[in-house]
Amino acid sequence: MIQFISHYTDCYTYLDSIRMALEGGCRWVQLRMKDAPEEEIVITGREVRRLCDAYGATFIIDDHVSLVRETGADGVHLGQKDMPVAEARAILGDKAIIGGTANTIDEISRHYEQTADYVGCGPFRFTTTKKGLAPILGLEGYKDIVRQMEERGIDIPLIAIGGITAQDIMPIMQTGVAGIAVSGTVLTAANPVAEMRRLMDIMETAGHGYGSPTTPSGTLAPYGLWHTAPLTNQEDM
């Protein structure tokens, strides 16, 4: 699977970036608007919800647990300095998709124990779209982490992230991760929609295109990882 993380450029807004990713075939998008006021995030998030409904896509919001209901997002992605996964789960309930950021096996283990649905692990290489990068992992880093996950019985989808381009998809997927996350490689392309489509085609060739993401053992990921029903008006929330 491929996750797209929103960003802005001189040419595109956050919403533009998500619209182009969806037009290019991506069916999992994360609205990441670092340092933007909450009012702006809510306005953009509601538009993203409408787009995702039209395309049948999953909508994750970055960091803001409190805005999941307001925007109609399917869940939240939590960074290292954000709310713990367990606390977010207590607030959002079992049906929410909750992902966490990790760079080490111990961080992955903590997210797993706290019922995260997936882990975004990186960076693969240096990237300008995120500040304060953790140590670079590279291919060998992912291989080592997947091996340690198997040894510890940690069965959770691992999503590689950080400076990934089209040429990286095949070798990264061969390390045993469940998918990748992209941003800059799409938005810096001459035709972002075509580039997104190209990435999806490569992932499909790798055998991980549009199906439900899997854990390292090959089992299906938790239901929350691929369901797309919005969380608005849920009685258990």
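Residues numbered from 1 in each chain as written. Predicted model: local features only at pLDDT ≥ 70, side-chain atom pairs only at ≥ 80, totals over all residues. Heavy atoms only, no water.

Asker: When you look at the packing of aromatic side chains in this model, what are you seeing that I'm missing?
Answerer: To describe a pair of aromatic rings, you give the distance between the ring centres and the angle between the ring planes. One pass over the structure, following the stated rule, counts three aromatic pairs. Plain terms: the ring middles of Y8 and Y14 are 5.3 Å apart, the flat faces sit at 65 degrees to each other, and that makes the pair edge-to-face. Relative accessible area serves as the criterion here: at 47%, Y8 is assigned to the partly exposed category. Assessed through its relative accessible area of 13%, Y14 is described here as buried. (Phe/Tyr/Trp six-rings, centres within 6.5 Å; stacked < 30°, edge-to-face > 60°. Buried < 20%, exposed > 50% of the residue type's maximum accessible area, 1.4 Å probe, protein only.)

Asker: Would you take a moment to explain the packing of helix α5 (residues 105–113) against helix α6 (residues 138–152) for this structure?
Answerer: In helix packing, the relevant descriptors are the interaxial angle and the interaxial distance, both defined with respect to the helix axes. Between α5 and α6, the least distance of the axes is 10 Å, while the angle of their chain directions is 45 degrees. By the angle class used here, α5 and α6 are oblique. Judged by the twist between their axes, the crossing of α5 over α6 is right-handed. Side by side, α5 and α6 meet where I105, D106, I108 and S109 of the first sit next to I145, Q148, M149 and R152 of the second. For the contact of α5 with α6, the residue count by class is four nonpolar, two polar and two charged. (Axes fitted to C-alpha atoms, helices over the stretch in contact; angles between N-to-C directions. Helix = DSSP H or I, 4+ residues; strand = E, 2+ residues; numbered from the N terminus. Parallel < 35°, antiparallel > 145°, perpendicular 65-115°, else oblique. Left-handed = near helix turned anticlockwise from the far one by under 90°. Contact = heavy atoms within 4.5 Å. Nonpolar A, V, L, I, M, F, W, Y, C, P; charged D, E, K, R; others polar.)

Asker: What is the right way to read the nonpolar core from this model?
Answerer: As a rule of thumb, soluble globular proteins bury nonpolar side chains together. Core analysis: the biggest nonpolar cluster contains 64 residues, and F4, I108, L158, I180 and M196 have the highest contact counts within it. Contacts of M196, omitting those with residues within four sequence positions, involve I2, F4, A21, G24, C26, V182 and V186. (Core = buried A, V, L, I, M, F, W, Y, C linked by side-chain atoms within 4.5 Å.)

Asker: Would you mind showing me how to read the confidence of the model for the protein chain here?
Answerer: Caution applies to low-pLDDT parts of the model: their predicted coordinates are not meant to be read in detail. Mean pLDDT over the protein chain stands at 89; residues scoring 70 or higher make up 86%. Below a pLDDT of 50 lies the segment residues 215–237, which in the model reaches 61 contacts outside its immediate sequence neighbourhood of four places, other chains included. (pLDDT = per-residue confidence, 0-100.)

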